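# Results of the structural survey
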Amino acid sequence: MAKVKVAVLASGRGSNFKAIQEHIKAGRCDAEIKVLITNNPDAPAISIAKDNKIPVEIIDKSGFPDREKMDERIKELLDRYGAELVVLAGYMLILKGRKLLESYKNRIINIHPALLPAFPGATAQKDAFEYGVKVSGVTIHFVDESLDAGPIIYQEAVDISDCKSAEETAAKILKTEHKAYAKVVDSFSKGHYAVEGRRARFVPSS
Ligand code: GAR
């Protein structure tokens, strides 16, 4: 099985990035992370990349006249590193570049810490806890021009009925994120997802 060439985009802690890299090292994920791209020069994700000898590209928003141009730069980097799959792992900017989204259509994936379409946005775990839902979870979806609303690849429920705070909720969901994201990245080495309308259906390689 050929390893899928991955570019990771992250803005912060990078625990999903680290989890995927650990699954790769343990032979449980048929992928190779070719580059970490970050918009945050202080992101802890950078040291995870360095520890694993993964090249790091920092793109500073203030260095571009607009987000279209910034995303063009991201596209250039993805092309240069030969990315087959772009994994957003806590990348906290919305991708807006038309060229980038068109060129990498159905090849950019994101993880969201809730069962979409419930609780989109940046505070999903807190929102779910405060709403009082008993079950939340993880959604992995393709990225398009919408916010947290591209075709869904994978979902897994997490029982949060015993969580006593938003932080505890986030920590419990994160454990599921780490396993689910590596599993989904691995699936791209074994086939592709046919997207019809809102539906993404896994098609194994023959
Ligand atoms: C994760 O919980 C991820 O699901 C969330 O940010 C966190 C990043 O953590 N993403 C979103 O909320 C996207 N809307 P990490 O940097 O440790 O992987």
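Notes on the structure in this doc start here. (Residues numbered from 1 in each chain as written. Predicted model: local features only at pLDDT ≥ 70, side-chain atom pairs only at ≥ 80, totals over all residues. Heavy atoms only, no water.)

### What to know about the packing of aromatic side chains
Here is the rule we go by: Here a pair means two rings of Phe, Tyr or Trp (six-membered ring of Trp) with centres within 6.5 Å. Their orientation is stacked below 30 degrees between planes, edge-to-face above 60, and tilted elsewhere. In this text, helices come from DSSP runs of H or I with a minimum length of four residues, and strands from runs of E with a minimum of two, each type numbered from the N-terminal end. Only protein chains enter the calculation, and the probe is 1.4 Å; a residue is then buried if its accessible area is under 20% of its type maximum, exposed if over 50%, and partly exposed in between.
Tallying each qualifying case throughout the model produces five aromatic pairs. Where F142 meets F188, the ring centres are 6.2 Å apart and the plane angle is 90 degrees; that geometry is what we call edge-to-face. Of this pair, F142 sits in strand β6 (residues 135–142) while F188 sits in the loop between α6 (166–187) and β8 (191–196), placing them 46 residues apart in sequence. By the burial criterion, F142 is buried, and F188 matches it. Where Y193 meets F202, the ring centres are 5.1 Å apart and the plane angle is 55 degrees; that geometry is what we call tilted.

### Some details on the site of the ligand
Worth spelling out the cut-off: Any residue with a heavy atom lying within 4 Å of a molecule or strand is counted as near it. Any N or O atom pair separated by 3.5 Å or less is treated as a polar contact, with the protein-specific requirement of one donor-capable and one acceptor-capable atom, and with residues adjacent in sequence counted only for side-chain atom pairs. To be clear on the numbers: accessible area is Shrake-Rupley with a 1.4 Å probe, and residue cover counts the displayed protein chains and nothing else.
Near the ligand there are 14 residues, and of these R13, G14, S15, N16 and E177 occur at the shortest range. Between an oxygen atom of the ligand and a main-chain N or O atom of G14, the distance comes to 2.8 Å. Here an oxygen atom of the ligand and a side-chain polar atom of S15 are 2.6 Å apart. In the complex, the protein chains occlude 92% of the 450 Å² of accessible area that the ligand would expose alone. Contributing elements (two or more residues each) for the shell around the ligand: α1 (15–25), β5 (108–112) and α6.

### Some thoughts on the side chain of H112
Using the following cut-off: By definition in these notes, contact holds between two residues if any of their heavy atoms fall within 4.5 Å.
In this structure, H112 sits in strand β5. Accessibility expressed as a relative area gives 2% for H112, which makes it buried. Within the structure, H112 has its side chain in polar contact with the backbone oxygen of F119 (distance 2.6 Å). With near-sequence residues (within four places) excluded, H112 lies in contact with F119, P120, G121, A124, G137, V138, T139, H141 and D148.

### Regarding α1
Most of α1 is tucked away, with eight of its 11 residues classed as buried. In the core, the buried residues of α1 are packed alongside β1 (4–10), β2 (31–38), α2 (45–51), β4 (85–88), β5 and α6. Looking one or two places after α1, you find G27, whose phi comes out positive at around 75 degrees.

### So, helix α5 (residues 124–131)
Residue pairs three or four apart in sequence face the same way in an α-helix, which turns once every 3.6 residues. To be explicit about the condition: By construction, the arc corresponds to the directions joining the helix axis to the C-beta atoms.
When α5 is considered as a whole, its buried residues turn out to be A124, Q125 and A128. For α5, the arc enclosing every buried residue in end-on projection is 100 degrees, short of the 170-degree limit, so these residues lie on one face. Turning to α5, the residues buried within the fold contact β5, β6 and α6. Looking one or two residues beyond α5, the residue adopting positive phi is G132, at roughly 90 degrees.

### What about the environment of R13?
Here R13 is to be found in the loop between β1 and α1. C-alpha separation for the pair R13 and D66, spaced 53 residues apart in sequence, amounts to 25 Å. With residues up to four places along the chain from it excluded, the contact list for R13 reads P44, A45, I48 and L174.

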